[in-house]
Amino acid sequence: MALRFIESSKLPTRWGTFDIHGFEDPFKGKEHIAITMGDCATEEQEPLLIRIHSECLTGDALGSMRCDCGEQLQEAMKRISEQGRGAILYLRQEGRGIGLVNKIRAYNLQDQGADTVEANERLGFGADMRDYSICVPMLEHLGAKQVVLDDQ
Ligand SMILES: [Zn+2]
């Protein structure tokens with residue numbers, strides 16, 4: 001399996017206490033996390049509410065108005081907290097997978113009139129370099145067999 005589970009701990013947040021689970025992808029040299037609340041195993045339970053969130057440092061942590069990633073992440077944490085159960089798979093693939101510094105370069109191209117796809121392509125990347133395959137071993141580790149995607 002490409003993804004290794006490393007450690008879990010408690011994560012108190014303004015929306016209540018979540019569990020944070022750290023994973024490592026040794027092949028790509030990346031670390032990923034899942035943030036969960038409640039029992040994620042779905043035996044005889046409702047499907048697990050999950051959000052798949054790709055890291056966006058500027059939106060998630062800096063309050064950037066160039067995208068609504070931070071808002072979406074906070075809304076998802078709030079919804080999970082209200083339901084008392086759910087998971088956010090937080091994938092470290094900044095800027096649609098092109099990386100933080102390249103995302104800044106893409107912002108400049110966007111300011112010159114390119115859309116996100118054109119900007120990525122002009123930087124020599126695909127329109128979307130994100131890889132969601134690591135979600136499968138993450139969900140397996142959490143014991144979630146049935147999920148419902150939070151795509152709001
Ligand atoms: Zn963003």
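In the block above lies the structure referred to throughout.
Residues numbered from 1 in each chain as written. Predicted model: local features only at pLDDT ≥ 70, side-chain atom pairs only at ≥ 80, totals over all residues. Heavy atoms only, no water.

Undergrad: Just to check I follow, could you spell out the coordination of the zinc ion for this structure?
TA: Under perfect tetrahedral coordination by four donors, a metal shows angles of 109.5 degrees; under perfect octahedral coordination by six donors, it shows angles of 90 or 180 degrees. In this structure, C56 (SG), C67 (SG) and C69 (SG) serve as the protein donors to the zinc ion, at separations of 2.2 Å. Positions of the donor residues of the zinc ion, expressed as sequence spacing, correspond to C-x10-C-x1-C. (Donors = N, O, S within 2.8 Å, 3.2 Å for Na, K, Ca; no water.)

Undergrad: How do you make sense of the pattern of salt bridges when you look at a structure like this?
TA: Side chains bearing opposite charge may pair, as long as their charged atoms lie close to each other. Following the criterion strictly, the structure yields nine salt bridges and no others. Of the charged contacts, one joins D111 and R66 as a salt bridge, the two residues approaching to 2.9 Å between their closest N and O atoms. In this pair, D111 sits in helix 3 (residues 100–111) while R66 sits in the loop between helix 1 (57–60) and helix 2 (69–83), placing the two residues 45 residues apart along the sequence. For D111, a relative accessible area of 51% puts it in the exposed group. Residue R66 is classed as partly exposed on the basis of its relative accessible area of 43%. Salt bridges here are not isolated pairs; linked through shared partners, they connect E75, R79 and D150. (Salt bridge = Lys/Arg side-chain N within 4 Å of Asp/Glu carboxyl O. Helix = DSSP H or I, 4+ residues; strand = E, 2+ residues; numbered from the N terminus. Buried < 20%, exposed > 50% of the residue type's maximum accessible area, 1.4 Å probe, protein only.)

Undergrad: What should I look at first to understand the sheet that holds strand 2 (residues 16–25) in this one?
TA: Through backbone hydrogen bonds, the strands of a sheet pair up, either in parallel or in antiparallel fashion. Within the open sheet, the six strands sit side by side as 1-2-3-5-4-6. Their pairing is mixed. Each end of this open sheet is capped by a strand with a single partner; those strands are strand 1 (4–13) and strand 6 (147–149). Across this sheet, the average inter-strand angle for adjacent strands is 25°, counted without regard to direction. Here strand 1 pairs with strand 2 via nine bridges, running antiparallel. Within strand 2, the residue paired with S9 across the bridge is I20. Contacting strand 1, strand 2, strand 3 (30–37), strand 4 (48–54), strand 5 (86–91) and strand 6, helix 5 (residues 135–142) crosses the sheet at an angle of about 145° to strand 5. (Pairing = 2+ DSSP bridges. Axes fitted to C-alpha atoms, helices over the stretch in contact; angles between N-to-C directions. Contact = heavy atoms within 4.5 Å.)

Undergrad: What is the right way to look at the packing of aromatic side chains in this model?
TA: We describe a pair of aromatic rings using the distance from one ring centre to the other and the angle between the two ring planes. For the coordinates displayed, the defined rule picks out one aromatic pair. The ring centre of Y107 lies 4.3 Å from the NZ or CZ of R66, which sits over that ring. (Phe/Tyr/Trp six-rings, centres within 6.5 Å; stacked < 30°, edge-to-face > 60°. Lys NZ or Arg CZ within 6 Å of the ring centre and 35° of its normal.)

Undergrad: Got a minute to help me understand the pairing of strand 3 in this structure?
TA: In summary, the side chains of a regular strand alternate between the two faces of the sheet. With seven bridges connecting them, strand 2 and strand 3 associate as antiparallel partners. Following the sheet pairing, F23 is matched in strand 3 by H32. In this antiparallel pair of consecutive strands, strand 2 and strand 3, the connection spans four residues, and G29 shows a positive phi of 65°. As defined by bridge partners, strand 3 adjoins strand 5 across five bridges and the pair is classed as antiparallel. Looking at the pairing, I33 lines up with Y90 of strand 5.

Undergrad: Looking at this structure, I do not really get a nonpolar patch on the surface. What am I missing?
TA: A contiguous nonpolar patch, built from L57, L62, L100, V101 and I104 and spanning about 450 Å² of accessible area, is present on the exposed surface. Here the nonpolar patch takes three residues from helix 3, the largest share from any one element. Inspection of the secondary structure puts V101 in helix 3. (Patch = residues over 30% accessible without salt bridge, like charges linked within 9 Å, V, L, I, M, F, W, Y side chains within 5 Å. Areas by Shrake-Rupley, 256 points an atom, 1.4 Å probe, with all protein chains shown as cover.)

Undergrad: Please explain the nonpolar core as it appears in this structure.
TA: As a rule of thumb, soluble globular proteins bury nonpolar side chains together. L48, I50, L89, L91, M138 and L142 are the most contacted members of the largest nonpolar core, which totals 15 residues. Listing elements by their share of this core, those giving two or more residues are strand 4, strand 5 and helix 5. Here this core takes four residues from helix 5, the largest share from any one element. Grouped together as the second largest cluster of nonpolar side chains are eleven residues, I35, M37, L49 and I80 included. (Core = buried A, V, L, I, M, F, W, Y, C linked by side-chain atoms within 4.5 Å.)

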